[in-house]
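One-letter residues, chain by chain:
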Amino acid sequence: MTSARRPPVMETRKVLAAARPPVGPGPSTAAVLRGWSRVRPPVPVVLATVLLLVVPLALLGVAVRYAVSIAGGDWPLLGKLAGGFLLCGVLVMLAALAVRGAKRVVHLGSFSEGFFPARLLSVACVVTGLFLVKYVLVDGEPTDPTMVVPFVALAVAWAPWPLLLLPSAQAWPRRVRLRWSQPARDVEEAGLLALLAPHPCRGGPPPWGYATDPVQAETGSGWRVHGTCPWCGAPVDATTRAAETAREGVGGGDLHALARRTAPPEGEQPDVATRCDDVQLELLRCRSLVGVAVHERLLALVPPGADVVPARLRTGTPVPLMTPETAFGRAALQQEAERHRAFLAAADAEVVRRRPV
């Protein structure tokens, strides 16, 4: 008994995955223009980006041509809509991915992502070449000048690669290294972002505060958060860049994730500070500090006259689907903030009590 064959959609997805398309959003065109005005990329990177844009422009041209052809055909209306959506939609999607890759080349120095269309065309040309060999040499069919079109397109797609091997282009990723980091609005957010990615040796509440130093680079400014993991002693080092727009920085989803990690265990009371050793007491104090800061920032996201953090502001870390709406309510956030303040006051009082006279 033969095994069931995979549907074509699954095979297409495997081909796209093999071509390694750009993953994730951005950078936006506005961010690219801001970065361009601050630090001009070297000429080879600019020329390579221009050449990389040839493929998406060609894909958009083909999509428009097919859209016009389908609209003027004799197909029924439903067939035109379905055919236009499937064919033209795929072409537009590939063009959008190619443009995203080109923007990452010039803005982030991520050269590999700009050649997603070239890798996709390489796979297509292998299949096309095998078919043409059978078509001409085995079946004896005549050759046609249009047979070389896929291979010309492949050569155009790979043409920018030699430019990116020049020394000035190779230095570009190091010059824009800060752009790869996450954005933070202030030094406190830089610390919160570091806590969002705890050391993999252990989960649980975030450790005590790390040292934070300002960073000034050619492409902007930021902060370096560094220290030693209190659980395993491994070094922790994270860099964040200063946010350039109000939409960048820690979002409500990030704050919610931190709020869950800093929440005191069920039933724990502030008097637990008296039973902690010095290390546990410092951890309790810093956990409470982070909890207060997180809930104050969540409360700041609640618009005047509203009762909850709007869904559009719950960005960053995905919020679990079963999270109740009350978790983002003003009353619950105020209650949790007061609870963390009580723990913080108890920890501070215990630190003073243990301080030698």
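Just so we're clear, the structure is a prediction, and the values are computed from it rather than from any experiment.

A.B. asks: Describe helix H4 (residues 54-71), naming the residues involved and giving the relevant values.
C.D. replies: Taking 1.5 Å per residue, 18 residues should reach 26 Å; H4 reaches 26 Å between its end C-alpha atoms and fits that length. Burial in H4 covers these residues: Val55, Pro56, Leu59, Ala63 and Ile70. Down the axis of H4, the buried set is contained in an arc of 95 degrees. They therefore lie on one face. More than 90 degrees from the buried face of H4, the exposed residues found are Leu57, Val64, Arg65 and Val68. Among the structural elements, helix H3 (43-52), helix H5 (77-108), helix H6 (116-138) and helix H7 (149-158) are those in contact with the buried residues of H4.

A.B. asks: Describe the sheet that holds strand S1 (residues 182-184), and please don't skip the residues or the numbers.
C.D. replies: Strand order in the open sheet formed by four strands is S1-S4-S3-S2, with mixed pairing between adjacent strands. The strands lining the two open edges of the sheet, one partner per strand, are S1 and strand S2 (211-217). Neighbour-to-neighbour, the strand axes of the sheet open up by a mean angle of 40 degrees, direction not taken into account. Bridging between S1 and strand S4 (residues 235-242) involves three bridges; their strand directions are parallel. In the sheet register, glutamine 182 faces S4, and the bridge partner there is threonine 240.

A.B. asks: Please give an account of the pattern of salt bridges that cites residues and values.
C.D. replies: According to the stated counting rule, one finds 20 salt bridges in the structure shown. The salt bridge partner of arginine 275 is aspartate 271, with a shortest N-O separation of 4.0 Å. The exposure class of aspartate 271 is partly exposed, given its relative accessible area of 43%. A salt bridge links glutamate 338 to arginine 341, with the shortest nitrogen-to-oxygen separation between them at 2.8 Å. Taken as a pair, glutamate 338 and arginine 341 lie in helix H13 (residues 330-354) at a separation of three residues, close to a single helical turn. With a relative accessible area of 31%, arginine 341 lands in the partly exposed category. Sharing partners across several salt bridges, the network here consists of Arg185, Asp186, Glu188, Glu189 and Arg297.

Definitions and cut-offs
Residues numbered from 1 in each chain as written. Predicted model: local features only at pLDDT ≥ 70, side-chain atom pairs only at ≥ 80, totals over all residues. Heavy atoms only, no water. Helix = DSSP H or I, 4+ residues; strand = E, 2+ residues; numbered from the N terminus. Expected span 1.5 Å × (residues − 1). Buried < 20%, exposed > 50% of the residue type's maximum accessible area, 1.4 Å probe, protein only. Arc of directions from axis to C-beta. Contact = heavy atoms within 4.5 Å. Pairing = 2+ DSSP bridges. Axes fitted to C-alpha atoms, helices over the stretch in contact; angles between N-to-C directions. Salt bridge = Lys/Arg side-chain N within 4 Å of Asp/Glu carboxyl O.

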